[in-house]
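Architecture at a glance
Here is what each chain is made of, one letter per residue.
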Amino acid sequence: MTDLTSSGAVPAPRKGSLLTQDARTKQRNAKEARFRMMGLIAVTIGVLSLVGLLASILASGLSSFQQTYVALEVYLDPAKLDKKGERNIEDIAKVSTFGYTPLIEAAMIAAIEQTGVTSDVANAKAAGELISKEAPATLRDFVLANPDLIGETVQFDLLAAGRIDGFFKGRVTMESAALDRNVSPEQLQLAQQLKDAGILTTKFNWAFFTAPDASDTRPEAAGLGVAIIGSAYMMLIVLVLSLPLGVAASIYLEEFAPKNRWTDLIEVNISNLAAVPSIVFGILGLAIFINMVGLPQSAPIVGGLVLTLMTLPTIIIATRAALKSVPPSIRDAALGVGASKMQAIFHHVLPLAMPGILTGAIIGLAQALGETAPLLLIGMVAFVREYPGGPPDGFFDPAAALPVQVYNWTQRGDPAFVERASGAIIVLLVFLVIMNIAAILLRRRFERRW
């Protein structure tokens, strides 16, 4: 006889049917229902917030993937571009972009006359303002690359001005143009007539992915080319440095390091580093890599090193968790058949932990790709128009990064740059989604369930 029965503490028999809920059961079920409802409300709020955020970004950024162009037949007048007639590239290069502006204005007036469009904008300068200030530079680059075409009439698709492009995207209206010194309602009316006549067309803006940044007066010409290359270079540096170092450190701490106060201190510091604000790593990079080592500012090598320091704790924590998830029986079996500890780890444990390691590495890279604060401190916010060279020399050339480019465009006054910033956010989100999908696929492909 047990103490429970001997003491007489026997539960009283339940009265009534088991199919009928008593007061305590009803209270317990009500608490569970309320908890489920709160969880459902929390998930709903999170999903609605995400949908609202994405809707806002897409609504303001999708238009950046479309651009208005002006189709003109420009006569490359030798009297203005090559007065000596020798087709000497050095003499032709002496003609600045101001020398190409009259050619564009004349082509614009000719197009208006040929289509029979009637407008109050009759002078060449006002008509030429419908075209981007980037157009003379585009024309000059073409002539320098093809000097033999001087004296001929060539078809060009030139960028329309930012206000004209904004008019067809709904960003500029007749009312706002009346208060804008950069465009007039008459110019908008002329642009509409030219679009009806087929001179102005809106099509996909491939240059948004390939063109460099542009000045404040030419938002329609701004692109992500330099920023994409800079981000790619930094991610390459982070991958090459952080993955081997992080995996090696994790294997040592998890499999070889003795368990004492020093390893406990290292583990605590690694966990603390994972929670340190990213701007602290920017200060560290500014002090060490730029001020002490003397590496150039706004260079992918500095950004890559700073992001490597920031990514290492994440990879170490993820790798150690992946190593711990491998059952001890795998190690014991390998050691039991005569394998050394090194062989057991590298031939058995590490391959089985590789899905978790790769997932942690990709998530760490995705986190580094979206960081802005440390890059601002090392000077990557600078205006950069020249593309960096090929690796490894390109790692030391000035460059931008996608999150910094977004920040840079949001600081400019023209509304077209806000549109460009939203478009850059979409591109950045696409990269992040691709990296997370890759992490999920790798885990599902190599995952082993025990």
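Structure's up top.
Residues numbered from 1 in each chain as written. Predicted model: local features only at pLDDT ≥ 70, side-chain atom pairs only at ≥ 80, totals over all residues. Heavy atoms only, no water.

**Description of the sheet that holds strand β3 (residues 200-204)**
By definition, the strands of a sheet pair up through backbone hydrogen bonds, in either a parallel or an antiparallel sense. Definition in use: Two strands are said to pair when DSSP picks up at least two bridges between them. Only runs of H or I of at least four residues qualify as helices and only runs of E of at least two qualify as strands under DSSP, and these elements are numbered from the N terminus. Note on method: axes are straight lines fitted to C-alpha atoms, helices fitted across the in-contact stretch only, with angles between N-to-C directions ranging 0 to 180 degrees. Residue contacts are counted whenever heavy atoms from the two residues lie within 4.5 Å of one another.
Strand order in this open sheet of three strands is β2-β1-β3, and the pairing throughout is antiparallel. Only two strands of the sheet have a single partner each, and these edge strands are β2 (153-159) and β3. Neighbour-to-neighbour, the strand axes of this sheet turn through a mean angle of 35 degrees, independent of strand direction. Pairing of strand β1 (residues 66-75) with β2 involves seven bridges; the strand directions are antiparallel. Bridging across to β2, Tyr 69 finds its partner in Leu 159. Along the sheet, helix α7 (residues 135-145) contacts β1 and β2; its crossing angle with β2, the most-contacted strand, is approximately 140 degrees.

**Quick look at the packing of aromatic side chains**
Put simply, the rule reads: In summary, the pairing rule links any two rings of Phe, Tyr or Trp, Trp by its six-membered ring, whose centres are within 6.5 Å, and it sorts them by plane angle into stacked for under 30 degrees, edge-to-face for over 60 and tilted for everything else. Each residue is placed in one exposure class: buried if its accessible area under a 1.4 Å probe, protein chains only, is under 20% of its type's maximum, exposed if it is over 50%, and partly exposed if it falls in between. Charges are assigned to positions over rings by a cutoff of 6 Å between ring centre and Lys NZ or Arg CZ, combined with an angular limit of 35 degrees from the ring normal.
As enumerated under the stated definition, the model contains nine aromatic pairs in all. Taken together, a centroid distance of 4.9 Å and an interplanar angle of 85 degrees make the contact between Phe 142 and Phe 156 edge-to-face. Within this pair, whereas Phe 142 is found in helix α7, its partner Phe 156 is found in strand β2, the two being separated by 14 residues in sequence. Residue Phe 142 is classed as partly exposed on the basis of its relative accessible area of 24%. Their ring planes at 70 degrees and their centres at 5.8 Å tell us that Phe 208 and Phe 209 sit as a pair that is edge-to-face. On the accessibility criterion, Phe 208 (0% relative accessible area) is buried. Among the aromatic residues, ring-to-ring pairing joins Phe 65, Phe 204, Trp 206, Phe 208, Phe 209 and Trp 409 into one connected group. One cation-aromatic arrangement involves Lys 203 over Tyr 69; the distance from NZ or CZ to the ring centre is 5.0 Å.

**Observations concerning the nonpolar core**
Test applied: As used here, the term nonpolar core means buried Ala, Val, Leu, Ile, Met, Phe, Trp, Tyr and Cys residues forming a set that is joined through side-chain atoms within 4.5 Å.
Met 235, Val 302, Leu 307, Leu 375 and Trp 409 are the most contacted members of the largest nonpolar core, which has 53 residues in total. Only α12 (225-256), α14 (278-292), α15 (300-324), α17 (341-369), α19 (402-410) and α20 (415-446) provide two or more residues apiece to this core. When residues in this core are grouped by element, the largest group, nine residues, is from α20. Val 95, Tyr 100, Ile 150 and Leu 194 belong to the second-largest nonpolar core, a separate cluster that totals 38 residues.

**Re unusual backbone geometry**
Residue Pro 392 follows Pro 391 across a cis peptide bond; omega there is 5 degrees. By the secondary structure assignment, Pro 392 is in the loop between α18 (373-377) and α19. Phi at Ser 298 is positive, roughly 55 degrees, even though this residue is not glycine. Of note, Ser 298 is situated in the loop between α14 and α15.

**A short note on α14**
At 3.6 residues per turn, the α-helix brings residues three or four places apart onto the same side. Spelled out, the test is: By this rule, a helix spans an expected 1.5 Å times one less than how many residues it contains. Two axes define the bend at a residue: one fitted to the seven residues ending there, one fitted to the seven starting there, and the bend is the angle between them.
With 15 residues, α14 extends 20 Å from end C-alpha to end C-alpha; this agrees with the ideal 21 Å at 1.5 Å per step. At Gly 285, α14 shows its maximal bend, which comes to roughly 30 degrees. Within the span of α14, buried status applies to Ser 278, Phe 281, Gly 282, Gly 285, Phe 289 and Ile 290. Tucked into the core, α14 has its buried residues touching α13 (261-274), α15 and α18.

**Structural notes on the side chain of Asn 408**
Mapped onto the elements, Asn 408 comes out in helix α19. Not counting the four nearest positions on each side in its chain, Asn 408 is found in contact with Asp 213 and Val 381.

**Concerning the pattern of salt bridges**
This is how it is decided: By salt bridge we mean one thing: a side-chain nitrogen of Lys or Arg within 4 Å of a carboxyl oxygen of Asp or Glu.
Summed over all chains, the structure comprises 16 salt bridges. With a closest N to O distance of 4.0 Å, Glu 134 and Arg 385 form a salt bridge. With Glu 134 in the loop between α6 (124-128) and α7 and Arg 385 in the loop between α18 and α19, this residue pair connects regions lying 251 residues apart in the sequence. One salt bridge in this structure joins Lys 203 and Asp 157, with 3.0 Å as the shortest N-O distance.

**Quick notes on a nonpolar patch on the surface**
What counts here: Patch members must show over 30% relative accessible area and no salt bridge, and they are joined within 9 Å when carrying like charges or within 5 Å when they are nonpolar side chains of Val, Leu, Ile, Met, Phe, Trp or Tyr. Areas reported here follow the Shrake-Rupley algorithm with a probe of radius 1.4 Å; residue values treat only the protein chains shown as occluding.
A cluster of nonpolar side chains, Leu 50, Leu 53, Leu 54, Leu 58, Leu 62 and Leu 429, forms an exposed patch at the surface whose accessible area comes to about 500 Å². With four residues, helix α2 (residues 23-61) is the largest single contributor of residues to the nonpolar patch. Along the polypeptide, Leu 429 turns up in helix α20. What makes Leu 429 partly exposed here is its relative accessible area of 31%.

**Let's talk about the packing of α17 against α20**
Applicable threshold: Each angle is binned into one of four classes, with values under 35 degrees roughly parallel, values over 145 roughly antiparallel, values of 65 to 115 roughly perpendicular, and all other values oblique. By the convention adopted, Pro, Cys, Tyr, Trp, Phe, Met, Ile, Leu, Val and Ala count as nonpolar, Lys, Arg, Asp and Glu as charged, and the other residues, Gly among them, as polar.
For the pair α17 and α20, interaxial distance at closest approach is 8 Å and the crossing angle is 175 degrees. Between α17 and α20, the angle is such that the two are roughly antiparallel. Between α17 and α20, the contacting residues are Pro 355, Gly 356, Leu 358, Thr 359, Ile 362, Leu 365, Ala 366 and Leu 369 on the first element and Leu 428, Phe 431, Leu 432, Met 435, Asn 436, Ala 438, Ala 439, Leu 442, Arg 443 and Phe 446 on the second. Looking at side-chain class alone, the contact of α17 with α20 contains 14 nonpolar, three polar and one charged residues.

**Focus: the pairing of β1**
Of the strand pairs in this sheet, β1 and β3 are connected by five bridges, and their pairing is antiparallel. Following the sheet pairing, Thr 68 is matched in β3 by Thr 202.

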